[in-house]
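Chain by chain, the residues:
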Amino acid sequence: MIDLLRRLLATAPTSLPKPDARLALAALLVRVARTDGLYAAEEVERIDRVLALRHGLGPFEAARLRTEAEELEAQAPDTVRFTQAIKTAIPMEERAELMTALWSVALADRQRDAHEDRLMRMVATLLGLTDVESAQARQRAERQARQE
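Model, not experiment: these values are computed from the prediction. (Residues numbered from 1 in each chain as written. Predicted model: local features only at pLDDT ≥ 70, side-chain atom pairs only at ≥ 80, totals over all residues. Heavy atoms only, no water.)

Caption draft 1: The packing of aromatic side chains, seen in detail. For the structure on display, the rule yields 0 aromatic pairs. The ring of Tyr39 has Arg34 sitting right over it, with the charged end atom 4.9 Å from the ring centre. Over the ring of Trp103 we find Arg138, and its NZ or CZ is 5.9 Å from the ring centre. (Phe/Tyr/Trp six-rings, centres within 6.5 Å; stacked < 30°, edge-to-face > 60°. Lys NZ or Arg CZ within 6 Å of the ring centre and 35° of its normal.)

Caption draft 2: Here's a closer look at the environment of Tyr39. Position of Tyr39 among the secondary structure elements: in the loop between helix H2 (18-34) and helix H3 (41-55). For Tyr39, a relative accessible area of 25% corresponds to the partly exposed category. C-alpha separation for the pair Tyr39 and Asp109, spaced 70 residues apart in sequence, amounts to 8.8 Å. The contact partners of Tyr39, leaving out residues within four places of it in the chain, are Val30, Ala33, Arg34, Val44, Ile47, Arg66 and Glu70. (Helix = DSSP H or I, 4+ residues; strand = E, 2+ residues; numbered from the N terminus. Buried < 20%, exposed > 50% of the residue type's maximum accessible area, 1.4 Å probe, protein only. Contact = heavy atoms within 4.5 Å.)

Caption draft 3: Representation of the nonpolar core within the structure. Judged by nonpolar contacts, the single largest core of 38 residues is most densely connected at Met99, Leu102 and Trp103. Among the elements of the structure, H2, H3, helix H4 (59-75), helix H5 (79-89), helix H6 (92-106), helix H7 (114-126) and helix H8 (131-147) are those that each provide at least two residues to this core. Per-element tally for this core: the top contributor is H2, with 10 residues. Every residue in contact with Met99, bar those within four places of it in the chain, is listed here: Met120, Val123, Ala124, Leu127, Leu129, Ser134 and Ala137. (Core = buried A, V, L, I, M, F, W, Y, C linked by side-chain atoms within 4.5 Å.)

Spelled out as structure tokens, the structure:
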């Protein structure tokens, strides 16, 4: 994790190897959940579920990855560099799916917060997605939440 943090602090983040990319993504999910100042149990559960599904992890492995991500997120300097590092690791065609996962975490506590909305708008832009693509991802996350 120290090596990943060093790379995130570097002037130009390099491409992340697969394990670091997983941790960086998990930390972004944690950052989204913490943005409104409340890190609700529903958000923690959603992060674990996203990590398990995305990476084929069992519940304990997903929780362990989230725990590491919580530490990394607390130390990460800013979302811009953090997101740039993630952007280099995730192909463009997967970013809309990633945005849906991020929205599912933001909406997990069933409260829409202006701080979360601003962060999500910024993350979408930094990932190369439009406001329309982000809105579509939010709508997919809302539909998925209703079906659960």
